[in-house]
2 protein chains.
Amino acid sequence: MATGNTGVRAGLGGHRLPQPVPAGEYENCPVTDVLRRVSDKWTLLLLTLLDRRPHRFNELHRAVDGISQRMLTRSLRTLESDGLVEREVFPTSPPSVEYRLTPLGVSLLEPLSALAGWAVGHHPEIAAARRRSARERV
Amino acid sequence: MATGNTGVRAGLGGHRLPQPVPAGEYENCPVTDVLRRVSDKWTLLLLTLLDRRPHRFNELHRAVDGISQRMLTRSLRTLESDGLVEREVFPTSPPSVEYRLTPLGVSLLEPLSALAGWAVGHHPEIAAARRRSARERV
DNA sequence: CTGTATCCGAAGTGATACTG
DNA sequence: CAGTATCACTTCGGATACAG
């Protein structure tokens, strides 16, 4: 009702899919949307840092080590426009900007942590499966 | 001990990060790794279909509607090499191949469903935040 | 300090044709 | 039926330079 991809929602909720999943709904699926946002190269790490406490821009830049200014800005802007992170500008000189999680961002970290726990716990099994398939491909 | 990115793991687990997160660990982070696999265009949908029951190749091709043979094969092969999906070939004529979730794949769907639930539940808030930021960018 | 602008190579995805 | 091979297009991400 409120949103797209009833199919996937129903599927992951344990219900049925109306047989052929209609095209064009994958793009609008809120689940895939969230997954894609969170699975890019830096977002997860930024979220975990901001979960500990608010950070200033350069603080994040130093903490992450390897991220470019461009990607740091882009990632933070995306998080902000999704309502997961809040940006506060202090008109000092030189200017300083603080980023913090919104309540929405905090709430996301719960299910995300559960998935992270799964990933850490089952990483050895995945790695083993990859080694197996690598051996077969010889 | 067994694997990389202690930083993110600790962060999502609620512990501390050793201040500057060492570079090169993001690539090897099992959490981001899993997220990236699952957040590509078709994988989530394939997992939900296979969660209902095993499917043959063309059955999936018909069910998904919009996926190319290339991407269907690629997605299934990746899922297989990660040990999330099992592929069984029946030497009939013409040949038929069946795909099913492995126990590992089934276990992934639990935390993934939790995250999916969050996404569906909070999608309106995210959409509202995006509209807000779109209005500001005018 | 906190960004923006530009360019470039790499990776994801689709279209189409061909095969055992 | 269940794929593989090739090409083209788009998006992601890094490097570098510049700016309020």
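So, how was this worked out
- Residues numbered from 1 in each chain as written.
- Chains lettered and ligands numbered in written order.
- Predicted model: local features only at pLDDT ≥ 70, side-chain atom pairs only at ≥ 80, totals over all residues.
- Heavy atoms only, no water.
- Buried < 20%, exposed > 50% of the residue type's maximum accessible area, 1.4 Å probe, protein only.
- Helix = DSSP H or I, 4+ residues; strand = E, 2+ residues; numbered from the N terminus.
- Pairing = 2+ DSSP bridges.
- Salt bridge = Lys/Arg side-chain N within 4 Å of Asp/Glu carboxyl O.
- Near = heavy atom within 4 Å.
- Polar contact = N/O pair within 3.5 Å; in protein donor to acceptor, adjacent residues only side chain to side chain.
- Nonpolar A, V, L, I, M, F, W, Y, C, P; charged D, E, K, R; others polar.

Per an unreviewed UniProt entry, chain A goes by the name Transcriptional regulator, HxlR family and belongs to Micromonospora carbonacea.

*Asks:* It is not clear to me how the pairing of strand 3 (residues 96-101) of chain B should be interpreted in this structure. Could you clarify?
*Replies:* Each regular strand carries side chains that alternate between the two faces of the sheet. Residues and elements named next belong to chain B. Counted residue by residue, strand 3 has 5 buried out of 6 residues, so it is predominantly covered. For strand 1 (residues 55-56) and strand 3, the ladder comprises 2 bridges, and the chain directions are antiparallel. Within strand 3, the position partnered with histidine 55 by the bridge is tyrosine 99. Sheet topology note: the strand 2 (residues 85-90)/strand 3 ladder contains 6 bridges and is antiparallel. Across the sheet, the residue bridging to valine 85 is leucine 101, located in strand 3. Counting the residues between successive antiparallel strands, the hairpin from strand 2 to strand 3 contains 5 residues.

*Asks:* Got a minute to help me understand the pattern of salt bridges in this structure?
*Replies:* A side chain of one charge can pair with a side chain of the opposite charge when the charged atoms of the two come close. Scanning all chains against the criterion turns up 14 salt bridges over all chains. In this structure, B:Arg130 and A:Asp33 form a salt bridge, with 2.9 Å as the shortest nitrogen-oxygen distance. You can see B:Arg130 sitting in helix 6 (residues 103-136) and its partner A:Asp33 sitting in helix 2 (residues 30-38), one on each of two chains. With a relative accessible area of 23%, B:Arg130 lands in the partly exposed category. Owing to a relative accessible area of 17%, A:Asp33 belongs among the buried residues under this scheme. Note that B:Arg130 and A:Asp82 form a salt bridge whose closest N and O atoms lie 2.7 Å from each other. One end of the pair, B:Arg130, is in helix 6; the other, A:Asp82, is in the loop between helix 5 (69-81) and strand 2 (85-90), on a second chain. With a relative accessible area of 3%, A:Asp82 lands in the buried category. One network of salt bridges, in which partners are shared, links A:Asp33, A:Arg37, A:Asp82 and B:Arg130.

*Asks:* How do you make sense of the protein's contact with DNA strand C when you look at a structure like this?
*Replies:* Close contacts around DNA strand C come from 21 residues, with A:Gln69, A:Arg87, A:Tyr99, B:Lys41 and B:Arg70 the closest. Within the side chain of A:Arg56, a nitrogen or oxygen atom sits 3.1 Å from a phosphate oxygen of DNA strand C. In the model, a phosphate oxygen of DNA strand C is placed 3.0 Å from a nitrogen or oxygen of the B:Trp42 side chain. Listing elements by their share of the surface near DNA strand C, those giving two or more residues are helix 4 (57-64), helix 5 and strand 3 (96-101) of chain A together with helix 5 (69-81) of chain B. When residues of the surface near DNA strand C are assigned to their parent elements, the largest contribution, 4 residues, is made by helix 5 of chain A. Partitioned by chemical class, the residues of the surface near DNA strand C number 8 nonpolar, 5 polar and 8 charged.

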